[in-house]
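So you can see what is in the structure, the chains are spelled out below.
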Amino acid sequence: MNPTMDIREFGGEPGNESDCSEAFAKAMAMIREAGGGTLRIPPGLYRSGPIELFDNTTLALERGACIRFIPDPALYPPVETRWEGIRCYAMQPLIFARGARNVALMGEGTIDGSGQEWWKTHRAKKASGQAKPETPMEKKLAELNKDSGEQPSGGGGRETQFLRPPLAQFLNCDGVILRGLSFLNSPFWTIHPVFSRRIRIEAVRIENPADAPNTDGINIDSCEDVSISDSLINVGDECV
């Protein structure tokens, strides 16, 4: 039987000032070594950088629990992905599973992408007329993507290479369950299964402000056997 662990066992402490990135990384490493398991998040606010899920992993947030991601682009290094229909490198999704089987996000808690800072930066770049990479992260992505061929800009502004992370992406996965959680304030697309199969999205709530740029609800991207049921989606772009 796969173990159930508590984020507090790994040093994860709730609070506005705490950074639980290391605690999540240690917990996920132990779950991976065990061949799977459940990471329990009790009530409280837990701030973190990106979280990666592996085979047979469940992230379970109890009622009153919130994972709020730290809005610092430096924490989300480039990964190979698909961004607005193009295979390329972009910033690592806040919650990421790649090539994983049987992963789940479940419970009655909240996952908050802290999108406000990301949207502010995106709007500032657009307002200034920025037309090429300027920051170290943007230049790094541009170098990695130099052989990707002609890439249309897309709504997210590909010309700057400010390729914001989605809130939860499942890349080349088989068996994904999202159930009961609230997903708020995504930097970019909110839930993005891509090249994946057997996806079940049930009784989730997805909310982003009406004026938040490119904050689509669920983007089903080259997947098969997908179901969405009993869910509320209220976002600043396409819902599904």
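Counting restarts for each chain: residues are numbered from 1 in the order of the written sequence. Residue-level local features of this predicted model are given only where pLDDT is at least 70; pairs of side-chain atoms are given and counted only at 80 or more, and the full residue set underlies all totals for whole chains, interfaces and linings. Side-chain numbers come from the whole structure's heavy atoms, not from hydrogens or water.

**Student:** If you had to explain the environment of G11 to someone new, which residues and values would you point to?
**Tutor:** In DSSP terms, a helix is any run of H or I states spanning at least four residues, a strand is any run of E spanning at least two, and both are numbered starting from the N terminus. Structurally, G11 can be placed in the loop between β1 (4–6) and α1 (21–34). Summary of the burial criterion: residues with accessible area below 20% of their type's maximum are buried, those above 50% are exposed, and those between are partly exposed, where the area comes from a 1.4 Å probe applied to protein chains only. Looking at G11, the relative accessible area reads 52%, which means it is exposed. Separated by 13 residues in sequence, G11 and F24 have C-alpha atoms that sit 8.8 Å apart.

**Student:** I'd like a description of helix α3 (residues 136–144), backed by residues and values.
**Tutor:** Owing to its 3.6 residues per turn, the α-helix aligns residues three or four sequence positions apart on the same side. Taken residue by residue, α3 has M137, E138 and L141 as its buried positions. For α3, the angular spread of the buried residues around the axis is 100°, confining them to a single face. We call two residues in contact whenever any of their non-hydrogen atoms come within 4.5 Å of each other. Buried residues belonging to α3 abut β7 (78–83), β8 (86–91) and α2 (115–128). What the arc describes is the spread of directions from the helix axis to the C-beta atoms.

**Student:** I'd like to hear about the sheet that holds strand β10 (residues 101–107), residue by residue, with values.
**Tutor:** Between any two strands, at least two bridges found by DSSP are needed for them to pair. Within the open sheet, the seven strands sit side by side as β1-β2-β5-β10-β13-β16-β18. Their pairing is parallel. The strands lining the two open edges of the sheet, one partner per strand, are β1 and β18 (224–229). Between one strand axis and the next, the sheet turns by 10° as a mean value, whatever way the strands run. One ladder, built from three bridges, connects β1 with strand β2 (residues 37–41); its direction is parallel. In the strand pairing of β2, D6 is matched with R40. Against the sheet, α1 contacts β1, β2 and β5 (57–61), and its axis sits at roughly 155° relative to β2. Axes, fitted as lines to C-alpha atoms, cover a helix only where it is in contact. Angles between the N-to-C directions of the axes lie from 0 to 180 degrees.

**Student:** Report on the packing of aromatic side chains, specifying residues and quantitative values.
**Tutor:** Note on aromatic pairs: the rings of Phe, Tyr and Trp (six-membered ring only in Trp) are paired at centre separations within 6.5 Å, and the planes decide the class, stacked below 30 degrees, edge-to-face beyond 60, tilted for the rest. Counting across every chain of the model gives four aromatic pairs. Pairing Y76 with W118 gives two aromatic rings, centres 5.8 Å apart and planes at 65°, and the pair type is edge-to-face. In this pair, Y76 sits in the loop between β6 (65–69) and β7 while W118 sits in helix α2, placing the two residues 42 residues apart along the sequence. Looking at Y76, the relative accessible area reads 0%, which means it is buried. With 5.1 Å between their ring centres and 10° between their planes, F188 and W189 make a pair best called stacked. For F188, a relative accessible area of 2% corresponds to the buried category. With a relative accessible area of 11%, W189 lands in the buried category. A network of ring pairs unites the aromatic residues Y76, W118 and F162 as a single cluster. One residue, K125, lies across the ring of F162, its end atom 5.3 Å from the ring centre. Charges are assigned to positions over rings by a cutoff of 6 Å between ring centre and Lys NZ or Arg CZ, combined with an angular limit of 35 degrees from the ring normal.

**Student:** Report on the pattern of salt bridges, specifying residues and quantitative values.
**Tutor:** Put simply, a salt bridge is a Lys or Arg side-chain nitrogen that is within 4 Å of an Asp or Glu carboxyl oxygen. Per the counting criterion, the structure on display carries 18 salt bridges. E108 is the salt-bridge partner of R63, the closest N and O atoms lying 2.6 Å from each other. With R63 in the loop between β5 and β6 and E108 in the loop between β10 and β11 (110–112), the pair connects residues that are 45 residues apart, well separated along the chain. Exposure remark for R63: the relative accessible area of 61% places this residue in the exposed category. Here E207 and R205 are joined by a salt bridge, their closest N and O atoms 2.4 Å apart. Classification of E207 by relative accessible area gives partly exposed; the value is 25%. Where salt bridges share partners, they join R101, D174, R197, R198 and E224 into one cluster.

Nothing here speaks to function; it is all geometry.
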